[in-house]
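# Geometric and topological summary
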Amino acid sequence: MSASPLNINPRFRRNSTVPASHQAQLDKLLEGDRYVLGQLISRTESALDEDRALLRHIFGALGEDPTTIRIGVTGAPGVGKSTFIDHFGAFLVSRGRKVAVLPVDPSSSTSGGSILGDKTRMIRLMNEKHAFIKPSPSRDISGGVGPSTQAGIRLCEAAGFDTIIIE
């Protein structure tokens, strides 16, 4: 009888319908592995069939967590959104919350990736063990939320983050 990992997020369970080739990544996600979380969020922006298959299996094993707090922060460029999120997020972490920040940045016309680098303005959170920041490009979608934002939220929930801030 094998022991189950001690750190698996109790809100989600191992799903027997996930192929063995994808189960290891699902297990690491549920254990809160931030490296795997970042990789999976990046894959939500991919059009590759192998990435879509992986995510389809992982999302099939996940539900949404109704206890997660989701906060949207919006405003004109340069008004201090990232600075506010850095201070507020650090406050939440000091109160025992696990905070994920998903900034949606304008996209580079050359590479398609994020160009503003909001993460560099969140120094406090970058150094917090219970915080995670993963910028995503908007891909020229207006409205401030990128096409992979909802998927990123669900992945952060599965990794055990209880407060998700979208900028």
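Description of the structure in this document.

Definitions and limits used
- Residues numbered from 1 in each chain as written.
- Predicted model: local features only at pLDDT ≥ 70, side-chain atom pairs only at ≥ 80, totals over all residues.
- Heavy atoms only, no water.
- Helix = DSSP H or I, 4+ residues; strand = E, 2+ residues; numbered from the N terminus.
- Buried < 20%, exposed > 50% of the residue type's maximum accessible area, 1.4 Å probe, protein only.
- Contact = heavy atoms within 4.5 Å.
- Areas by Shrake-Rupley, 256 points an atom, 1.4 Å probe, with all protein chains shown as cover.
- Phe/Tyr/Trp six-rings, centres within 6.5 Å; stacked < 30°, edge-to-face > 60°.
- Core = buried A, V, L, I, M, F, W, Y, C linked by side-chain atoms within 4.5 Å.
- Pairing = 2+ DSSP bridges.
- Axes fitted to C-alpha atoms, helices over the stretch in contact; angles between N-to-C directions.

## Some words on the overall build of the protein
For the protein, the count of helices and strands is six helices and six strands. Taking all 167 residues of the protein together, the buried fraction comes to 47%. Of the contacts made within the protein by residues no fewer than 6 positions apart, 72% connect residues no fewer than 24 positions apart. In the form shown here, the protein has an accessible surface area of approximately 9100 Å², with 54% of it arising from carbon and sulfur atoms.

## Examining the packing of aromatic side chains
Aromatic ring pairs are reported here in terms of the distance separating the ring centres and the angle at which the planes meet. The tally for this structure, following the rule as stated, stands at two aromatic pairs. Seen from their ring centres, Phe84 and Phe88 are 5.4 Å apart, and the 10 degrees between their planes marks the pair as stacked. In this pair, Phe84 and Phe88 both sit in helix α4 (residues 81–94), four residues apart, roughly one turn of the helix. Measuring from centroid to centroid gives 5.9 Å for Phe132 and Phe161, while their planes differ by 40 degrees, and the two rings are tilted. Note that Phe132 is positioned in strand β4 (residues 131–133) and Phe161 in the loop between α6 (149–158) and β6 (163–166), a separation of 29 residues in sequence. The buried category is assigned to Phe132, whose relative accessible area is 8%.

## Looking at the nonpolar core
Judged by nonpolar contacts, the single largest core of 27 residues is most densely connected at Leu29, Leu37, Leu62, Leu155 and Cys156. The set of elements that each furnish at least two residues to this core consists of α1 (20–30), α2 (34–43), α3 (49–61), β2 (99–102), α6 and β6. The residues touching Leu155, leaving out its near neighbours within four places in the chain, are Leu29, Leu37, Leu40, Ile41, Thr44, Ile58, Phe59 and Leu62. Among the nonpolar cores identified, the runner-up in size contains 11 residues, and Ile85, Leu92, Val99 and Ile133 belong to it.

## A few points about the sheet that holds strand β1 (residues 69–72)
Spatially, the four strands line up as an open sheet ordered β1-β6-β2-β4, and their pairing is parallel. The strands lining the two open edges of the sheet, one partner per strand, are β1 and β4. Adjacent strand axes in the sheet meet at a mean angle of 15 degrees when their direction is disregarded. In terms of strand pairing, β1 meets β6 through four bridges, oriented parallel. Within β6, the residue paired with Gly72 across the bridge is Ile166. Lying over the sheet, α2 contacts β2 and β4, oriented at roughly 30 degrees with respect to β4.

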